[in-house]
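Inside the fold
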Amino acid sequence: MEIAETILKAYIQKAKEGNQIAFNFLLNSFWNDVYGFQLKRVQNENDAEDITIQTFSKAFDKIDTFDEKYKFKTWLITISKNVHIDFLRKKKSSIETTKEQEEEVYQIIDDGPTPEDKIITEQNLAKLLRDIKKLKPHYQEVINLRYFQELSYKEISEQLQEPMNNVKVKLLRAKKLLAEIIQEK
């Protein structure tokens, strides 16, 4: 399903301005394309997911360099190919960055609760904890650190020893998956 070009351009522009909802829209719209592409390449769900998270992390970090002459999906797949090459070279699940690059990491503006946040907070704690246990362990961990231990992105990044953008993308993805689990009931 192709996204109408005018709507997509509007969301890309909002993302360039740091709009959280626009980042969410782009992540949700293109996650399956990038993930599916990588799953065919690496034939391992965890590696495909890690590469996809890193792809969106890099894309959001460099969104201001996106040239609208090209298709956004093609730009994402190109980034994903490069992340995969780095992944193969390093044989690690995350790309290391220097402290200097870490400080320059793109700050996603938090415009308040997203629809996923609202759904999550409406659940009672016991049900919520059962639903969280249905997520993959790395998503459980990031939800726990952010919402139960109330750590900042920077603190989570340090604790997990991952770039801050990876943490942000994992958290966006975890919230979306958790909201879907909650709505299934």
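Our structure's up above, just so we're on the same page.
Below, the structure is looked at part by part. (Residues numbered from 1 in each chain as written. Predicted model: local features only at pLDDT ≥ 70, side-chain atom pairs only at ≥ 80, totals over all residues. Heavy atoms only, no water.)

This part covers the packing of aromatic side chains. Counting across every chain of the model gives nine aromatic pairs. Between Phe 23 and Phe 60, the ring centres sit 4.6 Å apart and the planes meet at 65°, which makes this aromatic pair edge-to-face. Taken together, the residues Phe 23 in helix H2 (residues 20-42) and Phe 60 in helix H3 (residues 45-61) connect sequence positions 37 residues apart. Pair check on accessibility: Phe 23 and Phe 60 agree, each one buried. Ring centres 5.2 Å apart and planes at 80° place the aromatic pair Phe 66 and Phe 72 in the edge-to-face group. Side by side, Phe 66 and Phe 72 carry an identical accessibility label, which is buried. (Phe/Tyr/Trp six-rings, centres within 6.5 Å; stacked < 30°, edge-to-face > 60°. Helix = DSSP H or I, 4+ residues; strand = E, 2+ residues; numbered from the N terminus. Buried < 20%, exposed > 50% of the residue type's maximum accessible area, 1.4 Å probe, protein only.)

It is worth spelling out the environment of Asn 32 at this point. Relative to the assigned elements, Asn 32 resides in helix H2. Of the residues examined, Asn 32 reaches a relative accessible area of 58% and is grouped as exposed. Note: C-alpha distance between Asn 32 and Thr 52 (20 residues apart in sequence) is 9.2 Å.

This next bit is on the side chain of His 84. Mapped onto the fold, His 84 is located in helix H4 (residues 72-90). Look at His 84 and you get buried, because its relative accessible area is 7%. Reaching out from His 84, the side chain makes a polar contact with the side chain of Arg 41 at a distance of 3.4 Å. Excluding residues within four positions of it along the chain, His 84 makes contact with Gln 38, Arg 41, Val 42 and Ile 51. (Polar contact = N/O pair within 3.5 Å; in protein donor to acceptor, adjacent residues only side chain to side chain. Contact = heavy atoms within 4.5 Å.)

It is worth spelling out the packing of H2 against H3 at this point. Between H2 and H3, whose axes approach to 8 Å, the crossing angle comes to 140°. In terms of orientation, H2 and H3 fall into the oblique class. As for how H2 packs across H3, the hand of that crossing is right-handed. Taking contact as the criterion, the partners of Phe 23, Leu 26, Leu 27, Phe 30, Trp 31, Val 34, Tyr 35, Gln 38, Leu 39 and Val 42 in H2 are, on H3, Glu 45, Asp 47, Ala 48, Glu 49, Ile 51, Thr 52, Ile 53, Thr 55, Phe 56 and Phe 60. Tallied by class, residues from the contact of H2 with H3 come to 14 nonpolar, three polar and three charged. (Axes fitted to C-alpha atoms, helices over the stretch in contact; angles between N-to-C directions. Parallel < 35°, antiparallel > 145°, perpendicular 65-115°, else oblique. Left-handed = near helix turned anticlockwise from the far one by under 90°. Nonpolar A, V, L, I, M, F, W, Y, C, P; charged D, E, K, R; others polar.)

Attention now moves to the pattern of salt bridges. Scanning the entire structure with this criterion turns up 11 salt bridges. Of the charged contacts in the structure, one is a salt bridge between Glu 5 and Lys 71, with a shortest N-O distance of 3.6 Å. With Glu 5 in helix H1 (residues 5-16) and Lys 71 in the loop between H3 and H4, this residue pair connects regions lying 66 residues apart in the sequence. Taking relative accessible area as the criterion, Lys 71 reaches 49% and is therefore assigned partly exposed. Residue Glu 158 pairs with Lys 154 through a salt bridge whose shortest N-O separation is 3.8 Å. Highlighted residues: Glu 158 and Lys 154, both in helix H9 (residues 153-160), separated by four residues, approximately one helical turn. Bridged by salt links that share partners, the residues Glu 45, Glu 49 and Lys 136 form one connected network. (Salt bridge = Lys/Arg side-chain N within 4 Å of Asp/Glu carboxyl O.)

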